[in-house]
Structures are given as C-alpha cells and as structure tokens.
Amino acid sequence: MSLTTAAAPPATVRRARPLSDVDNRATYVSFGLAYLLGHGSAALSKGDTPLLDLPGWLPMTLLGAGLATGTVVATVAALRAQRAATDPAEVRTGQLLGAAWITAFAALFLAITGLAATVDNPDIQTLLWPTGSGLVVGLLYVAEGAARRNALHYVLGTWLALTSTAALLLGTPGLYWVLTLAGGGAYAVASVLELRRTGTSPRKGTT
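Residues numbered from 1 in each chain as written. Predicted model: local features only at pLDDT ≥ 70, side-chain atom pairs only at ≥ 80, totals over all residues. Heavy atoms only, no water.

A few words on the overall build of the chain. Tallying secondary structure elements over the chain gives seven helices and zero strands in all. Sequence-ordered secondary structure for the chain, helices as α and strands as β, is α-α-α-α-α-α-α. Buried positions account for 37% of the 207 residues belonging to the chain. Here the chain has roughly 11700 Å² of accessible surface; of this, 69% comes from carbon and sulfur atoms. (Helix = DSSP H or I, 4+ residues; strand = E, 2+ residues; numbered from the N terminus. Buried < 20%, exposed > 50% of the residue type's maximum accessible area, 1.4 Å probe, protein only. Areas by Shrake-Rupley, 256 points an atom, 1.4 Å probe, with all protein chains shown as cover.)

In structure tokens:
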C-alpha cells in the first residue's frame, strides 16, 4: 500500500438518518392544505352569520381530497422507507404502524356512527368527524414519532390531538377556525422544519 493511499484525507462524515425514517414533507403539505382549504371554507361558510355562501358539500370535498392525497403520499413514503430497511424489527414496526391507521379510523367511524344513532343531536357528526379525525391523526403521529424517534412528528401529533379536542369547547364555527389556524398552521411550520431536517441529512443509502 502506498503512502499516498495511506495518507489520504478522511472522508467527510455526515449524519445519516435511520433507514426506517420517513420523509414527511409531501404529507405535511397535503394535510396542511386539506386543513386550510377544507376547514377554512367551513369556518367561512358555517354559523349564524357566515362570511361566504358556499355549497354545503364543498368544505368536506376539499378536506377529503386533501386527506386522501396526504394518506396516499404518506403510504408511499412509508413503503419506500420499509424497502430501505434491513432490520426485520424495523420492517415489522412499519407494518404495524400502517395497520394502526385502518384500526383507528374504523374505530372512529363506529364510535361516531353509534353516537349519532343514540344521541338526539343532528349536529353531532358535523362536530365529531373533524375533531375526531384530528385526534386520531394526532395520536397516530405520536406513536409513529416515538417508534421512529422523530421528535418533530411526535410534537406535531401532540399539538393536533390537543387542539382538535379543545376545539369542541367552541362549537360551530369556532371549532373550524381552531382546526384551520392551529392545525393548518402547525402543518405549515412542520413542513418548513421537515425540510430543514431532511435537508441536513444525506439521502437514504449514502454515508
């Protein structure tokens, strides 16, 4: 071995992300737009003195489209991270977290449907679906953040769970304003922080 080879300068060491880590930028943007457009349009068009006269189906359509897009993007990102993982335990963790989304929303559907059938309140589904969805998503983020040691994801989930349930104290249209500003604003901040987090680390497969 030549002295030139032995004396070669050491390669720059960069901090690599765990193989199971997920890039959440596109998910945060999709969910953030869903909150801002869906809940925002509901906040403007509901209540005793609505600011805008919008069709009743429009807010839910905007919210549903954004959440569906975000869910697809999140699933693709999670599957990509699973393919990059070499530890069977990490792969199993990702699979269980993915299944938890189905379980959680199925339970939420049953809970809200059951309450609507037993409680004489025509507005109960209008109140519980947006806030209950925020609670479920927030708690799932907390679980994912803890499993993947992602503090940003964990804190975002904590914020969404607390603000979504606290919004119930305000009724309509106050709860929609809370979801729009607190939820949509949190996703906007998280998108910027996630860009910084992923931008300071190399792509998967590099060192």
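At a minimum axis distance of 10 Å, the contact between helix α4 (residues 88-118) and helix α5 (residues 124-148) shows a crossing angle of 160°. With respect to α5, the axis of α4 lies roughly antiparallel. The handedness of the crossing between α4 and α5 is right-handed. (Axes fitted to C-alpha atoms, helices over the stretch in contact; angles between N-to-C directions. Parallel < 35°, antiparallel > 145°, perpendicular 65-115°, else oblique. Left-handed = near helix turned anticlockwise from the far one by under 90°.)

With that settled, consider the pattern of salt bridges. Going through the model one piece at a time under the given rule, you end up with three salt bridges. Taking the shortest distance from any N to any O, the salt bridge between glutamate 144 and arginine 148 comes out at 4.0 Å. One end of the pair is glutamate 144 and the other is arginine 148, both in helix α5 and four residues apart, which spans about a single turn. Across the pair, arginine 148 and glutamate 144 agree in class, each one buried. With a closest N to O distance of 2.8 Å, glutamate 194 and arginine 197 form a salt bridge. (Salt bridge = Lys/Arg side-chain N within 4 Å of Asp/Glu carboxyl O.)

The first and last C-alpha atoms of helix α6 (residues 151-166) sit 22 Å apart over 16 residues, in line with the 22 Å expected at 1.5 Å per residue. Within α6, the full set of buried residues consists of Leu152, His153, Leu156, Gly157, Leu160, Ala161, Thr163 and Ser164. Contact partners of the buried residues in α6: α2 (25-45), α5 and α7 (174-199). Capping of α6 at its N-terminal end is provided by asparagine 150; its side-chain oxygen lies 3.2 Å from the backbone amide nitrogen of leucine 152. (Expected span 1.5 Å × (residues − 1). Contact = heavy atoms within 4.5 Å. Polar contact = N/O pair within 3.5 Å; in protein donor to acceptor, adjacent residues only side chain to side chain.)

Attention now moves to the nonpolar core. Within the largest apolar cluster, 18 residues are counted, with the highest numbers of intra-cluster contacts made by Tyr28, Val137, Tyr141, Leu156, Leu160 and Tyr187. Listing elements by their share of this core, those giving two or more residues are α2, α4, α5, α6 and α7. With six residues, α5 is the single largest residue contributor to this core. Ignoring anything within four residues of it in the chain, the contact list for tyrosine 141 reads Thr27, Tyr28, Phe31, Trp101, His153, Tyr154, Leu156, Gly157, Leu160 and Tyr187. Formed by six residues, the second largest nonpolar core is a distinct cluster that contains Ala42, Ala167, Tyr176 and Leu179. (Core = buried A, V, L, I, M, F, W, Y, C linked by side-chain atoms within 4.5 Å.)

At a minimum axis separation of 10 Å, α6 and α7 run at an interaxial angle of 175°. Our classification of the angle between α6 and α7 gives roughly antiparallel. Within the contact between the two elements, α6 uses Leu152, Leu156, Trp159, Leu160, Thr163 and Ser164 and α7 uses Val178, Leu179, Ala182, Gly183, Ala186, Tyr187, Ala190, Leu193 and Glu194. Class assignment for the residues of the contact of α6 with α7 results in 11 nonpolar, three polar and one charged. (Nonpolar A, V, L, I, M, F, W, Y, C, P; charged D, E, K, R; others polar.)

Limitation: the analysis is restricted to geometry and does not speak to function.
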